[in-house]
Amino acid sequence: MDNQIAKIIEAVSFSAKKHRFQTRKGAASEPYINHPLEVANILASIGGVTDLEILLAAILHDTIEDTETTAEEITERFGSRVCNMVLEVTDDKSLPKAERKQKQIEHAPYLSPGAKQVKLADKISNITDVVENPPKEWTEQRRREYVDWGVNVIAGLRGANPALERHFDELVARAKRSLAGGSQHHR
Ligand code: ZN
């Protein structure tokens, strides 16, 4: 079997094991692994990304932030470039949430080209969820704020992947229409 395919399967298996106890925040409580797999799929099928290491970083992108995975583990199995991209999109969970969100906006312009694309696909996946399958307790206001924050993060990394950016812009336009439309009923 092609070595690259074997590496992809290894990353999928590794990430699935690491995320095995987690579910997504959305009301449907999907298995968490659906999200990193969707991010990798968005990169490959919409973004036209063929760089193996970017796809591996996408599959692994939330393991350090959300599971007990260490940077050493990722480096040993998948190499230092993959590990660096994962670290670039890993929030420092010791910081308060508002500060973490602000840092994502500030750091976006300084991410490597690969990490920028992973970040773009990550925001596409998360905003799609917030529009189509939001956590039950999220108000429309909170959902709108989430979309606005995503727009501000992505503003800092424009030029990384035009096809993904186009898709992101269409998604945001759709999200704003559906969230604005919904709120009129309450006014
Ligand atoms: Zn993610």
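Structure: above.
Here's a quick rundown of the structure. Being a predicted model, the structure only gives us computed values, none of them experimental. Throughout this document, residue positions are counted from 1 along each chain, in the order its sequence is written. Selection of residues for local features in this predicted model requires a pLDDT of at least 70, selection of side-chain atom pairs for listing and counting requires 80 or more, and totals for whole chains, interfaces and linings are taken over all residues. Side-chain descriptors were evaluated using all non-hydrogen atoms of the structure, hydrogens and water having been removed beforehand.

### Some words on the environment of Glu 106
Working step 1: Every helix listed is a DSSP run of H or I at least four residues long, and every strand listed is a run of E at least two residues long, numbered separately from the N terminus. The residue Glu 106 is located in helix 7 (residues 97-107) in this model.
Working step 2: Categorising residues by exposure relies on relative accessible area from a 1.4 Å probe, with only protein chains included: less than 20% of the type maximum marks a residue as buried, more than 50% marks it as exposed, and the intermediate range marks it as partly exposed. A relative accessible area of 41% places Glu 106 in the partly exposed class.
Working step 3: Separated by 73 residues in sequence, Glu 106 and Leu 179 have C-alpha atoms that sit 26 Å apart.

### Here's the deal with the packing of helix 3 (residues 52-60) against helix 6 (residues 80-88)
Two measures define how a pair of helices packs: the angle their axes make with one another and the distance between the axes.
Working step 1: Axis geometry follows a simple rule: fit a line to the C-alpha atoms, using only the stretch in contact for helices, then measure angles between N-to-C directions, giving values from 0 to 180 degrees. Where helix 3 contacts helix 6, the axes come no closer than 9 Å and their chain directions differ by 45 degrees. The angle between helix 3 and helix 6 places the two elements in the oblique class. Two packed elements cross with a definite hand, and for helix 3 against helix 6 that hand is right-handed. Only Arg 81, Val 82, Met 85 and Val 86 of helix 6 make contact with helix 3, whose side of the interface consists of Glu 53, Ile 54, Leu 56, Ala 57 and Leu 60. When describing relative orientation, an angle under 35 degrees is termed roughly parallel and one over 145 degrees roughly antiparallel, while 65 to 115 degrees is termed roughly perpendicular and anything else oblique. Crossings are assigned a handedness: left-handed for a near helix turned anticlockwise from the far helix by less than a right angle, right-handed for a clockwise turn. Whether two residues are in contact is decided by their heavy atoms: any pair within 4.5 Å suffices.

### Overview of unusual backbone geometry
Working step 1: Even without being glycine, Ser 29 reaches a positive phi, approximately 45 degrees.
Working step 2: Position of Ser 29 among the secondary structure elements: in the loop between helix 1 (3-18) and helix 2 (34-45).

### Comments concerning the coordination of the zinc ion
Working step 1: Binding of the zinc ion to the protein goes through His 35 (NE2), His 61 (NE2), Asp 62 (OD) and Asp 122 (OD), at separations of 2.1 to 2.4 Å.
Working step 2: Metal sites are built from N, O and S donor atoms within 2.8 Å, or 3.2 Å for Na, K and Ca, and they leave out water, so they may look incomplete. For four-coordinate sites, all angles between 85 and 135 degrees define a tetrahedron; for four- and six-coordinate sites, opposite donors beyond 155 degrees with the remaining angles between 65 and 115 define square planar and octahedral shapes respectively, and all other cases count as irregular. Taken together, the four donor atoms coordinating the zinc ion and their angles of 81 to 173 degrees define a geometry best described as irregular.
Working step 3: All donors to the zinc ion come from one chain, and their sequence spacing reads H-x25-H-D-x59-D. Of this pair, His 35 sits in helix 2 while His 61 sits in the loop between helix 3 and helix 4 (63-66); the two residues are 26 residues apart in sequence, bridging distant segments of the chain. For the pair formed by His 35 and His 61, the shared burial category is buried.

### Overview of the layout of surface pockets
Empty space among the atoms can be located by rolling a probe the size of a water molecule over them.
Working step 1: Here a cavity means grid points, on a 1 Å grid over the protein atoms only, where a 1.4 Å probe fits yet cannot get out; a pocket means an open set of points with protein on both sides within 12 Å along at least five of seven lines; lining residues are those with an atom within 4 Å of a point. Grid points are joined across faces, edges and corners, and a volume is the space filled by probe spheres set on the points. Approximately 760 Å³ is the volume found for the largest pocket.
Working step 2: Lys 25, Glu 65, Lys 97, Asn 126 and Tyr 146 are, among the 32 residues lining the largest pocket, the residues nearest its centre.
Working step 3: Counting residues per element, the ones that place at least two in the lining of the largest pocket are helix 4, helix 7, helix 8 (113-132) and helix 9 (140-155).
Working step 4: The greatest single-element share of the lining of the largest pocket, amounting to six residues, is contributed by helix 8.
Working step 5: Taken together, 14 residues make up the lining of the second largest pocket; nearest its centre are Glu 88, Thr 90, Asp 91, Lys 103 and His 107.
Working step 6: If you list the elements that add at least two residues to the lining of the second largest pocket, you get helix 6 and helix 7.
Working step 7: Broken down by element, the lining of the second largest pocket gets its largest block of residues, four residues, from helix 7.

### What about helix 1?
Working step 1: Expected helix span is computed as 1.5 Å times (number of residues minus one). Across its 16 residues, helix 1 extends 23 Å between first and last C-alpha, which sits within 8% of the 22 Å expected from 1.5 Å per residue.
Working step 2: Listed as buried for helix 1 are Ala 11, Phe 14, Ser 15 and Lys 18. Seen end-on, helix 1 carries its buried residues on one side only, within an arc spanning 95 degrees. Structural note: helix 1 exposes Ile 9 and Lys 17 on the side pointing more than 90 degrees away from its buried face.
Working step 3: As for helix 1, its buried residues are in contact with helix 2, helix 3, helix 4 and helix 5 (71-78).
Working step 4: A side-chain oxygen of the first residue of helix 1 lies 2.7 Å from the backbone nitrogen of Gln 4; this N-cap is Asp 2. Along the arc lie the directions from the helix axis toward the C-beta atoms. Under this definition, polar contacts are N or O atom pairs within 3.5 Å; protein pairs additionally need one hydrogen-donor-capable and one acceptor-capable atom, and for neighbouring residues in sequence, both atoms have to be side-chain atoms.

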